[in-house]
Amino acid sequence: MAACKTSKQTPQIKKGDGLFQLFVEDENQDAFVSDKAGVFNEHGMVASAHEEASKVGVEILKKGGNAADASVATFFALAVVHPFAGNLGGGGFAVIRDADGTPSSLDFREKAPLKAHRDMYLDENGDVIKGLSTRGHLASGVPGAVDGMVQLHQEKGTMSWKSLLQPAIDLAEKGVVLTEGQARGMNRYRDTFREINGEDTPYYVKADGSDFETGEVFIQKDLAESLKRIQKEGADGFYKGKTADLLVKEMESGGGIISHEDLEKYDAVWREPIVKDYKNYNIISMPPPSSGGVALLQLMKLTEPYPIDEWGFNSGKTAQVMIEAERRVYADRSKWLGDADFVKVPVKELMSQPYLQERWASFDPSKASLSSEIDGGDVPYYESDQTTHFSVVDKNKMAVSITTTLNGAFGSKVVVDGGGFFMNNEMDDFSVKPGVPNMFGLIGNKANEIQPGKRMLSSMTPTIVEKDGELFVVAGTPGGSTIITSVYQTLLNVLEHGMSMQQAVNARKFHHQWLPDKTYTEESTFDTEALQYLLSAGYEIEIGRRLGRMDCIMVHPNGTLEGASDPRGENTSVGY
Ligand code: DON
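Analysis parameters
Numbers given to residues run from 1 along each chain, matching the order in which its sequence is written. Predicted model: local features are reported for residues with pLDDT of at least 70 only, side-chain atom pairs are reported and counted for 80 or more only, and whole-chain, interface and lining totals are derived from all residues. Side-chain descriptors were evaluated using all non-hydrogen atoms of the structure, hydrogens and water having been removed beforehand. One heavy atom within 4 Å of a molecule or strand makes the whole residue count as near it. In protein, a polar contact means a hydrogen-donor-capable atom and an acceptor-capable atom, both N or O and within 3.5 Å, with residues adjacent in sequence counting only if both atoms are side-chain atoms; elsewhere, any N or O pair within 3.5 Å suffices. Each residue gets one label: Ala, Val, Leu, Ile, Met, Phe, Trp, Tyr, Cys and Pro are nonpolar, Asp, Glu, Lys and Arg are charged, and the others, such as Gly, are polar. Patch construction takes residues with relative accessible area above 30% that form no salt bridge. Like charges are linked within 9 Å, and nonpolar side chains (Val, Leu, Ile, Met, Phe, Trp, Tyr) are linked within 5 Å. In these tables, accessible area is a Shrake-Rupley quantity obtained with a 1.4 Å probe, and a residue counts as shielded only by the protein chains included in the view. For salt bridges, the criterion is a side-chain nitrogen of Lys or Arg within 4 Å of an Asp or Glu carboxyl oxygen. In DSSP terms, a helix is any run of H or I states spanning at least four residues, a strand is any run of E spanning at least two, and both are numbered starting from the N terminus. Joining through side-chain atoms within 4.5 Å is the link that ties buried Ala, Val, Leu, Ile, Met, Phe, Trp, Tyr and Cys residues into a set, and such a set is a nonpolar core. Relative accessibility under 20% of the residue-type maximum defines a buried residue, over 50% an exposed one, and the middle range a partly exposed one, all with a 1.4 Å probe and only protein chains included. Between any two strands, pairing holds if DSSP finds at least two bridges. Inter-axis angles, ranging from 0 to 180 degrees, are taken between N-to-C directions of lines fitted to C-alpha atoms, where helices are fitted over the stretch in contact. Whether two residues are in contact is decided by their heavy atoms, any of which lying within 4.5 Å being enough. Centres within 6.5 Å are what make two rings of Phe, Tyr or Trp a pair, Trp counting through its six-membered ring; a difference in plane orientation under 30 degrees is then read as stacked, over 60 as edge-to-face, and the rest as tilted.

1. As for the site of the ligand
And then number 1: As a matter of local geometry, the ligand sits amid 15 residues, with Gln386, Thr387, Asp429, Ser458 and Gly480 nearest to it.
And then number 2: Asp429 is positioned with one of its side-chain polar atoms (N or O) 2.5 Å from a nitrogen atom of the ligand.
And then number 3: Between the ligand and Gly480 there is a distance of 2.7 Å, counted from an oxygen atom to a backbone nitrogen or oxygen.
And then number 4: Residues that form the shell around the ligand fall into these classes: four nonpolar, eight polar and three charged.

Right under this line is the structure:
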């Protein structure tokens with residue numbers, strides 16, 4: 001790996017009395033958050049947030065299923081073992097590369113219910129009612145997950161639907177052994193679950209109110225029944241019949257607006273993926289209603305002219321170019337990005353060379369640009385009008401990259417009574433009021449205002465990279481607004497800094513999203529020299545966030561697969 005700095009004297013920035021102070025901590029730190037090693041196998045690999053889910057996927061691969069089959073099985077397993085983000089009541093995106101190299105993408109993002117309207121989260125004075133778009137029944141969009149999996153299976157799968165659902169049913173019925181993270185997560189939200197679902201919240205709060213313990217067996221009978229209906233009837237097992245009745249009843253009991261009509265009308269959509277070159281690589285990613293693909297490609301193309309491999313990983317100059325690219329791209333996201341079925345999104349223009357060159361015109365390397373002076377760019381002929389990722393590669397090098405979410409941890413916290421699953425709080429990803437930040441601090445405008453049946457803008461960035469025409473990297477992560485920048489850095493770590501897949505995941509990360517005008521970093525991301533460079537140029541730096549929980553796979557030149565799951569979580573790669 002080129003120019004990856006190791007420093008025993010780790011500089012830190014701590015927030016003093018309104019001032020950022022630089023001092024040096026004497027700790028043995030290096031460029032990585034951990035020295036976790038990658039998982040190497042020849043035939044197939046699943047990298048996901050939970051070991052059980054990865055194992056389910058690999059078993060399907062071993063039985064001769066392809067990457068789509070394994071993805072469907074892993075998806076439903078995650079809904080059982082990782083209720084924090086895995087889901088039936090959420091949505092997501094899949095980016096796929098067939099064994100013959102054909103790229104495609106599937107949009108199973110939630111939609112605004114038909115009864116939704118632009119100002120539904122505002123009071124009579126036009127102010128945002130705190131918490132209404134993030135917690136409880138009104139926060140949910142119409143779930144897309146189940147139709148997404150049905151369509152992925154119909155279009156790309158080879159094994160029987162029944163066999164792909166069975167492992168998840170078994171996990172729900174026989175129980176899953178709670179990891180430390182799962183137990184902690186459910187305990188942390190106990191009071192909120194009760195507040196929203198009542199004292200007798202099923203499954204996720206124990207009847208006697210005590211803590212879940214690591215190692216305890218966790219059984220979810222209602223969820224098993226919901227999964228069986230989906231196993232038997234496909235999409236109708238969720239969008240019609242008993243599950244739909246339970247979901248609508250739950251909504252009605254808590255002032256939610258999702259109706260039978262919403263469920264019946266829901267359709268996942270195959271979309272033209274974003275495909276663009278970067279040097280001798282080709283990047284395939286998600287188009288609107290995710291901003292992920294457009295933003296990632298804008299970032300990559302803005303970075304391409306600079307010799308960041310020579311400047312080094314997380315050096316002052318490298319970081320500056322990346323931060324300034326991020327500032328401009330997130331300003332564009334705020335102005336231009338939304339559901340392209342409802343608003344015109346200038347996808348090609350935003351990624352075009354002349355446009356991106358123009359975006360750099362305001363860059364002065366001697367000082368930090370100010371977000372207050374940067375806006376979304378002008379595109380000719382246009383008027384401004386808790387997530388989890390997994391990656392799968394099979395023996396024929398078919399690849400699937402899926403990011404799926406309930407939005408916040410356990411979504412809206414609403415459990416569908418009798419259905420045994422959480423509903424999303426994805427409505428908060430809309431711009432509920434122009435200029436007012438959402439839970440990720442993201443600001444939106446007209447392009448992302450609420451309209452009935454419209455999909456809320458996302459940052460999810462499931463991505464596949466080809467090198468010299470062959471499958472090279474499958475990548476993605478949760479993290480709200482930081483998803484795009486985590487994928488961007490992870491790709492540059494491989495493409496420019498020569499890191500292995502696991503090193504790229506382990507590497508310390510930073511993030512800028514235009515507003516607030518700050519660079520967020522993990523601890524010890526920059527060495528003294530880089531910090532001094534950035535501080536003297538006027539960058540405000542805030543340390544302490546953990547960035548990304550990546551699940552990635554790399555194909556090495558000899559065909560070996562490297563599964564790289566993030567040491568920041570319980571993420572685990574399993575191969576065979
Ligand atoms: O679609 C989005 O961009 C968000 N709903 C993703 C949320 C997320 O990543 C939460 N996980 N940490």
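2. Points about a nonpolar patch on the surface
And then number 1: Together, Val177, Val217 and Ile219 give the surface a local cluster of nonpolar side chains, amounting to about 240 Å² of exposed area.
And then number 2: Relative to the assigned elements, Val177 resides in strand β7 (residues 176-177).

3. Notes on the nonpolar core
And then number 1: Within the largest apolar cluster, 85 residues are counted, with the highest numbers of intra-cluster contacts made by Met300, Val473, Leu491 and Met501.
And then number 2: In terms of residue count, helix α13 (residues 316-336) provides more of this core than any other element does, nine residues in total.
And then number 3: By size, the runner-up hydrophobic cluster in this structure holds 82 residues, among which are Met149, Ala244, Ile402 and Ala409.

4. Points about the sheet that holds strand β20 (residues 561-565)
In sheet architecture, strand pairing relies on hydrogen bonds along the backbone and comes in two forms, parallel and antiparallel.
And then number 1: If you trace the seven strands from one edge of the open sheet to the other, you get β3-β20-β19-β15-β14-β11-β10, paired in antiparallel fashion. Either end of the sheet is taken by a strand with one partner, and the two such strands are β3 (39-41) and β10 (274-278). For this sheet, the mean inter-axis angle between neighbouring strands, taken without regard to orientation, is 20°.
And then number 2: Helix α11 (residues 292-303) rests against β10, β11 (281-285) and β14 (463-467) of the sheet, and its axis sits at about 10° to β10.
And then number 3: Seen against the sheet, helix α16 (residues 483-495) touches β10, β11, β14, β15 (470-475) and β19 (551-555) and runs at an angle of roughly 140° to β15.

5. Some words on the sheet that holds strand β16 (residues 510-511)
And then number 1: The strand order β16-β17-β18 describes an open sheet built from three strands, whose pairing is mixed. The sheet terminates laterally at β16 and β18 (541-543), the two strands that pair on one side only.
And then number 2: In terms of strand pairing, β16 meets strand β17 (residues 519-521) through two bridges, oriented antiparallel. Among the inter-strand pairings, Phe510 is bridged to a residue of β17, identified as Thr521.

6. Description of the pattern of salt bridges
And then number 1: The tally for this structure, following the rule as stated, stands at 34 salt bridges.
And then number 2: Measuring nitrogen to oxygen at the nearest pair gives 3.4 Å for the salt bridge that ties Lys335 to Asp378. Taken together, the positions of Lys335 in helix α13 and Asp378 in the loop between α15 (353-359) and β12 (387-393) put the pair 43 residues apart, joining distant regions of the chain.
And then number 3: Put simply, Arg568 and Glu522 hold a salt bridge, and the shortest N to O gap is 2.7 Å.

7. Looking at the environment of Met423
And then number 1: Positionally, Met423 belongs in the loop between β13 (399-405) and β14.
And then number 2: A sequence separation of 24 residues divides Met423 from Ala399, and the C-alpha atoms of the two residues are 28 Å apart.

8. Concerning the packing of aromatic side chains
And then number 1: Counting across every chain of the model gives 23 aromatic pairs.
And then number 2: Taken together, a centroid distance of 5.5 Å and an interplanar angle of 70° make the contact between Tyr189 and Phe410 edge-to-face. For the pair shown, Tyr189 and Phe410 are each scored as buried.
And then number 3: A ring pair is formed by Phe238 and Phe421, whose centres lie 5.6 Å apart and whose planes are at 40°; its orientation type is tilted.

Any functional reading would require information that these geometric values do not contain.
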